[in-house]
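Below are the chains, spelled out letter by letter.
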Amino acid sequence: MSTGERPPLTSQSPVAEVLALGPEIALLFLDWHTECVGCSLVRFCTLEDVSRYYGLDLDAMLNQIQERIETDGSHSNSTRRT
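Every value quoted in this text rests on a predicted model; they were computed, and no experiment measured them.

A. The arrangement of the overall build of the chain in detail. Scanning the chain from N- to C-terminus turns up four helices and zero strands. Starting at the N terminus and ending at the C terminus, the chain contains elements arranged as α-α-α-α. Looking at the chain as a whole, 35% of its 82 residues are labelled buried. The contacts in the chain between residues at least 6 apart in sequence include a share of 55% that link residues at least 24 apart. Of the accessible surface of the chain, which amounts to about 5400 Å², a share of 52% is contributed by carbon and sulfur atoms.

Encoded structure:
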């Protein structure tokens, strides 16, 4: 993995790292009606934890996050829209 490349998105991805990908990702968590944005425990939770706690479909979450990363360019400053 080269510098600047992020690890692949999985069920075990920490929510804090996923949220750090950009504000577009945080909007997904708000759309899903979770309390992750601003939660003090976000560093300790994985996407699987969130899925289980809130009764969300994990595969759908992963797909939506991946789609948002690809369409909004929230994974890289070089592809951000201005």
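Following the structure, the description resumes.
B. Main features of the pattern of salt bridges. The tally for this structure, following the rule as stated, stands at one salt bridge. The partner of Asp-49 in a salt bridge is Arg-52, with the nearest N and O atoms 3.0 Å apart. Separated by three residues within a single helix, Asp-49 and Arg-52 lie in helix H3 (residues 47-54), roughly one turn from each other. What makes Arg-52 exposed here is its relative accessible area of 56%.

C. Seen up close, helix H2 (residues 23-31). Taken residue by residue, H2 has Glu-24, Ile-25, Ala-26, Leu-28 and Phe-29 as its buried positions. In the core, the buried residues of H2 are packed alongside helix H1 (15-19), H3 and helix H4 (58-72). Downstream of H2 by a residue or two, His-33 has a phi angle that is positive, lying close to 60°.

D. Quick look at the nonpolar core. Residues Val-15, Val-18, Ile-25, Phe-29, Leu-47 and Ile-65 are the most contacted members of the largest nonpolar core, which totals 19 residues. Contributions of two or more residues to this core are made by H1, H2, H3 and H4. At five residues, the largest contribution of residues to this core is made by H4.

Here is what the cut-offs are and how they apply
Residues numbered from 1 in each chain as written. Predicted model: local features only at pLDDT ≥ 70, side-chain atom pairs only at ≥ 80, totals over all residues. Heavy atoms only, no water. Helix = DSSP H or I, 4+ residues; strand = E, 2+ residues; numbered from the N terminus. Buried < 20%, exposed > 50% of the residue type's maximum accessible area, 1.4 Å probe, protein only. Contact = heavy atoms within 4.5 Å. Areas by Shrake-Rupley, 256 points an atom, 1.4 Å probe, with all protein chains shown as cover. Salt bridge = Lys/Arg side-chain N within 4 Å of Asp/Glu carboxyl O. Core = buried A, V, L, I, M, F, W, Y, C linked by side-chain atoms within 4.5 Å.

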